[in-house]
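For reference, the chains in residue letters:
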Amino acid sequence: MSPEERERKRRWMMEYNRRRKADLEKDRENPDKAGLDALNAIYGTRFRYGQQVTVTGRRYTIIGAKWGAWLRVKNKDGKKFVCRPYDAYPVINLSGTVTFDGWTMGPSGKLKIKKG
């Protein structure tokens with residue numbers, strides 16, 4: 001290995017170690033985000049901090065993850081709890097009226113079911 005290659009490798013390793021240390025510091029500052037990244041890697045999901053989700057028919061905001069297996073959420077009143085990631089569904093905001101077989105849903109989220 002020539003001296004130029006050694007110097008290039010040394011600089012590359014210094015930059016790599018600096019970035020790795022910065023990532024570790026960032027994870028220490030916000031452990032909930034680090035847990036959320038781990039949860040996404042384990043379950044193959046794409047949850048984000050502050051994302052709106054529906055759990056058991058109610059709207060919640062994601063505030064992090066616990067042990068890489070539980071999703072931490074809170075409602076608008078501030079009540080916090082954990083749920084499985086497969087029980088949380090991203091909120092979809094409709095721009096217009098959507099009609100399916102026997103029902104219609106408007107942008108407000110009101111469901112209208114046809115009778116008969």
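Anything mentioned here points back to the structure above.
Quick caveat: nothing in here was measured; it's all calculated off a predicted structure.

(A) Highlighting the sheet that holds strand 1 (residues 52-55). Taken in spatial order, the five strands line up as 4-3-2-1-5 in an open sheet, and their pairing is antiparallel. Every interior strand has two partners, whereas the edge strands, strand 4 (80-83) and strand 5 (88-90), have only one. Put simply, the sheet's adjacent strands are angled 50° from each other on average, direction ignored. Pairing geometry for strand 1 and strand 2 (residues 58-66), over four bridges, is antiparallel. Note that in strand 2 the partner of Thr54 across the bridge is Arg59.

(B) Looking closely at the sheet that holds strand 7 (residues 103-105). Spatially, three strands are ordered 6-7-8 in an open sheet, and the strand pairing comes out antiparallel. Either end of the sheet is taken by a strand with one partner, and the two such strands are strand 6 (98-99) and strand 8 (111-113). Strand direction decides the pairing type here: strand 6 and strand 7, joined by two bridges, are antiparallel. The residue bridging Thr99 from the neighbouring strand is Thr104, located in strand 7.

(C) Structural context of the pattern of salt bridges. Overall, the coordinates contain three salt bridges when judged by the stated rule. Across the pair Glu7 and Arg11 runs a salt bridge, and its minimum N-O distance is 3.0 Å. One end of the pair, Glu7, and the other, Arg11, are both in helix 1 (residues 3-29), four residues apart, so they sit about a helical turn from each other. Put simply, Glu15 and Arg18 hold a salt bridge, and the shortest N to O gap is 2.4 Å.

The rules behind these values
- Residues numbered from 1 in each chain as written.
- Predicted model: local features only at pLDDT ≥ 70, side-chain atom pairs only at ≥ 80, totals over all residues.
- Heavy atoms only, no water.
- Pairing = 2+ DSSP bridges.
- Helix = DSSP H or I, 4+ residues; strand = E, 2+ residues; numbered from the N terminus.
- Axes fitted to C-alpha atoms, helices over the stretch in contact; angles between N-to-C directions.
- Salt bridge = Lys/Arg side-chain N within 4 Å of Asp/Glu carboxyl O.

By themselves, these observations are geometric and do not establish any function.
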